[in-house]
Every structure is written in structure tokens, then in C-alpha cells.
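Spelled out, the chains give:
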Amino acid sequence: MKLFDKYILKSFLEPFLATFLVVLFVLVMQALWLAFDEIAGKGIDIFFILKFLGYLALILTPTALPIGILLSSIMALGNLSENYEFAAMKSAGISLSRVIRPLIFLTLFLSALNFVFLNNIYPWATLKQKNLYLNMKKKKPALALVPGAFNTEIPNFSIKFDEKYGEEENLLKNVQIADLSAGKGKIKTITAEKGTISTEEGSKYMTLTLENGYYYEDHIKKVMLTKERAKMPASNASFKTYTINIDISSFNDDDNLDDEKVKEHHGMLSVKQLDSISKEKKIAYDEYINTQAKNFFSIINADELYQHPDSLINKNLKPIILDNFDLKNKSIVLETSLQTLKRSLDRNTSQKKNFKDRRKILNLYDYEFSYRISFALACLVLFFIGAPLGSIIRKGGFGLPMIMAITIFVIYFFISQLGKNLAEESAISATLGSWLSTLILLPFGILLTKRAAKGMGIFNIDAVFENILKFFKKFTKKTTD
């Protein structure tokens, strides 16, 4: 390696290591801040907190890498231009392409490294982090209860309340509880004006004391027809105080923090696994669509329709079907048709959400498969934006380069999320959605590189003003004529 190449690589690597670590630290702290309310105050050992942070750092490393490359490329070329080193290189006959050649090879290596990381370490870290996070949330379920929604973290109970208050936030207002412990569905319902949660240290029970409430229970068997359920008796009563003891022993076991119950999330799989599972889900999805189509075909009695040869058609039949019936039978035919149509529409409406959910899951697997590759190449695309931009603005340090790098990456991230949302809703293909940000920013990288190689700025202000003046001169000339 030539001395010149070593100098260029050193100029890039020094700010890269610093910016990469700073960006990674900021991203980890942001993720920790978002999760802090869910895991704080639950008596979790510091060892598990550090493990959680370690997994977060591994997950966010692929995101911090392109930001670091973008920022350090702006800083490195900006420093060379600001110190007139780049001008000296040009006077010696060294072009921009020769200056950034070693950096291109380094960026290609980092892109490949990022892909390897995304394909191997990132899925493993996501598996560990998501399961650890879910288990940490369940450590003390009383603190995880959220007002305004039905909370199902506590097994066999669905709890809703309007407000949580008090010094320990253990006082509830307007409580609704569905007791599902009998395994017969929502047959026991309890409502109360107030509730108090109390748990003794080391106890495996959480006590929920309710005040001024109402109790209702259906007495039904597990297997019953709907008509028989309606005939069964029910009991109800009002109370001033009602106490429920809930077993939470499974939440207080530190060994459960390492459980891995969620394993098929699309972020937990390698590219090969994503491709394999996507193909399996596509087969299942096609079978589901075919089944729904056959059911619809059968419901509207289309399977009973068949073609007659012309020789067998009754010549007395009129072409318009309803004209072959009297007024009473016309009414019967129309009413039957409308009922069949209404049933079909209601069924399709009820199946719509299930259809969309299945399609979304399939789209996410396809999107993640392509996004792993496109995001790895984002390092190279952002480098070709940052390097010429640094030589044009001629400014090093953390000031202006940091602002520009953050702005560019926010635009990249925004386009990526837009592509993901559009792909998830099937507005565009999953492949296009995953490559959308790269395809949009790539032309800007090529344009900036060309302008920087010719020694031009981002845009020529004089030329812009000159064109504006020409336009107004033409306009004024026409008015005078």
C-alpha cells in the first residue's frame, strides 16, 4: 500500500471510529429511554440490564455503521479541502477518484461486513433482546398495567381501568375485570369504582382489592350450543369490598428472563431462513385464497350453473331471466338473490382483516429479505454522497458535517419507512419498497461525485439568477411589445 493511500485511510478512520461510537451510544440511549418505563422499578438484576444494553448495541450497530461512514466521509474530505491539501493534490495531478479510491475499497469491505452482521449477529441479538424485553416487562405485571386498555399480561385475567394513581401507582379508578380462569370465555365480569393493588415481598400472589362494585357470572358448560347458553341461569351481586388473589409466581422467577418464546419474528431470521419461510407462507397463503374463492363460489351457488348446448335451450324462454316469472316469483327470486348477496358481502367484510393481516406478514418477510441487502449497500451509497459533499463544502470538524449527515440520514430513514409502509400495505412490491431509499439517493450521489470531480459547487447560484433574469426579461419584452 502506498504512503498516500495510508494517509487517506488514516484521515478517514480516525473520525470514523469516533463518530461510529458516538452515534451507537446515542442510538442505544434512545432505545433504552423508550423502554425505560416498561422495565424500571421491577427489581431486575443489573446483569440482565447490561445484557439488554449489549443486545441493543448489537442490533443498532448496522444502523450506526452507515451513519458513521456518511459523517466521517464528509469530515475527512472536508478537512482535506479546508486545509488546502485537496487543492495541493489537484495541482499535483491527483484526481478526486484517485483520492477516494482506497476509501471506496474500505467502504465496500464495510458494506460486506455489515451484510454479514445483518445476516448472522443481528437476528441472534434481536431474538435475545425481544424475548428478554418481554420477560422483563412481565417481571412485575402490576407495574406494567396501562390505563385505558385491556391488559392481558396477567394470565387468566383481562383488566381495564381509567386511571392509575397514588405514590406507588397502585390505586386504580373505574376498574373492569374479566375472569377467564374457568376456560369458558368471558363469563365472569367484575366492575368497581376503585381498586388497590398490593404485593408482599417474596409473595407469589398479587392482591387486588375492589370497592363499590358489581359482580356478574354466567353459569354455562364449556361445550354448549348458543341457544342452550341463552337458557342457562346467571348470578349477579353488588359489593362494597371484593378481594381477588392472583398467582404471579411465574413472573417473579429470574430464570424466566432467559426464556425464548418468540422465535419466528422476521427480524430474528437470516436471509436463508427468511427466503425459506417466505416460500412456505406463500404456499399457505395461496391455499387460503383458493379456499376462500371456492367457498364464495359455493355460497352464491355458482357451482350449480352449467352451460346448455344451443340445441337444448328452450326456445320459449325469454333472454331476460326475470321476464320468465310472474310478479310473485319475481319478488321471491330478487329477495333470495339479495339475501345471498348480503351474506356474501358480510362474509367478505369479516374476512377482510384476516386477509390483510396474512398479506402484511408475508410482505414483511419479503421486505426484510431484500432490505438486508439494500441496507448493506446503503454504506456505499451514503459514502458517495458524503465524500463529494465534504470536498465541496470544504468544512471539517463536527459542526456543519454533523448537521448535514443527520439531515441526509433522516431523509434516507424517512424514505425507508415510507417504502416499508407502502410495501406492507401492498401498494408497491416488497422488493421496490426495500430498495426505494437507495434508488432515490443513488442519483444524488452520482451527481455530487461528478460535480466534485469537476471542481463545481452543489449548484451554481449565478446561473440560477441569470436564468431568472432571462425569464423576466422575456416577460417584460412581451408586455412592452
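In what follows, the structure referred to is the one given above.
Keep in mind that this is a model prediction, so the values were computed, not measured.

*Asks:* Any chance you could break down the nonpolar core for me, citing the residues and the numbers?
*Replies:* Within the largest apolar cluster, 55 residues are counted, with the highest numbers of intra-cluster contacts made by F12, I69, L70, L77, L80, V99 and L103. Contributions of two or more residues to this core are made by helix 1 (3–39), helix 2 (46–82), helix 3 (85–91), helix 4 (96–137), helix 8 (327–393), helix 9 (400–424) and helix 10 (430–453). The leading source of residues in this core is helix 2, at 13 residues. Here L103 is in contact with I8, L9, F12, L77 and F383, once residues within four sequence places are set aside. Within the second largest apolar cluster, 18 residues are counted, among which are L172, V175, I177 and I197.

*Asks:* Outline the side chain of T126, listing residues and values.
*Replies:* Tracing the sequence through the fold places T126 in helix 4. Taking the relative accessible area as the measure of exposure, T126 reaches 4% and is therefore buried. Excluding its chain neighbours within four sequence positions, the residues that come into contact with T126 are I59, G267 and M268.

*Asks:* Can you tell me about unusual backbone geometry, naming the residues and giving the values?
*Replies:* The phi torsion at N174 lies on the positive side, around 55°, for a residue other than glycine. By secondary structure assignment, the location of N174 is in strand 3 (residues 171–179). Phi angles above zero are rare outside glycine, and S426 is one such case at about 65°. With respect to the helices and strands, the residue S426 is situated in the loop between helix 9 and helix 10.

*Asks:* Can you tell me about helix 2, naming the residues and giving the values?
*Replies:* With 37 residues, helix 2 extends only 47 Å from end C-alpha to end C-alpha; this falls clearly short of the ideal 54 Å at 1.5 Å per step. The sharpest bend along helix 2 reaches about 45° and sits at T61, with the proline P62 one to four residues further on. In the segment just after helix 2, Y84 is the residue with positive phi, at about 60°.

*Asks:* Kindly report on helix 8, identifying the contributing residues and their values.
*Replies:* Along its 67 residues, helix 8 runs just 84 Å from first to last C-alpha, ending more than 12% under the 99 Å computed at 1.5 Å per residue. The largest bend in helix 8 is about 35°, located at Q351. R394 occupies a position one or two residues after helix 8 and carries a positive phi of about 55°.

*Asks:* I'd like to hear about the packing of aromatic side chains, residue by residue, with values.
*Replies:* In this structure the tally under the stated criterion is 12 aromatic pairs. Look at F16 and F20: their rings are 6.0 Å apart centre to centre, the planes differ by 25°, and that puts the pair in the stacked class. Taken as a pair, F16 and F20 lie in helix 1 at a separation of 4 residues, close to a single helical turn. Residue F16 shares its accessibility class with F20, and that shared class is buried. Site record: aromatic cluster; members linked through ring pairs are F12, F16, F20, F383 and F384.

*Asks:* Please set out the pairing of strand 4 (residues 188–198) residue by residue, giving values where relevant.
*Replies:* Each regular strand carries side chains that alternate between the two faces of the sheet. In the sheet, strand 3 pairs with strand 4 via 8 bridges, with the strands oriented antiparallel. Counted as the bridge partner of V175 is A192 from strand 4. Relative to strand 5 (residues 205–218), strand 4 runs antiparallel, the two being bridged by 10 bridges. When the bridges of strand 5 are listed, K188 appears paired with E217.

So, how was this worked out
Residues numbered from 1 in each chain as written. Predicted model: local features only at pLDDT ≥ 70, side-chain atom pairs only at ≥ 80, totals over all residues. Heavy atoms only, no water. Core = buried A, V, L, I, M, F, W, Y, C linked by side-chain atoms within 4.5 Å. Buried < 20%, exposed > 50% of the residue type's maximum accessible area, 1.4 Å probe, protein only. Helix = DSSP H or I, 4+ residues; strand = E, 2+ residues; numbered from the N terminus. Contact = heavy atoms within 4.5 Å. Expected span 1.5 Å × (residues − 1). Bend = angle between axes of the 7 residues up to and from the residue. Phe/Tyr/Trp six-rings, centres within 6.5 Å; stacked < 30°, edge-to-face > 60°. Pairing = 2+ DSSP bridges.

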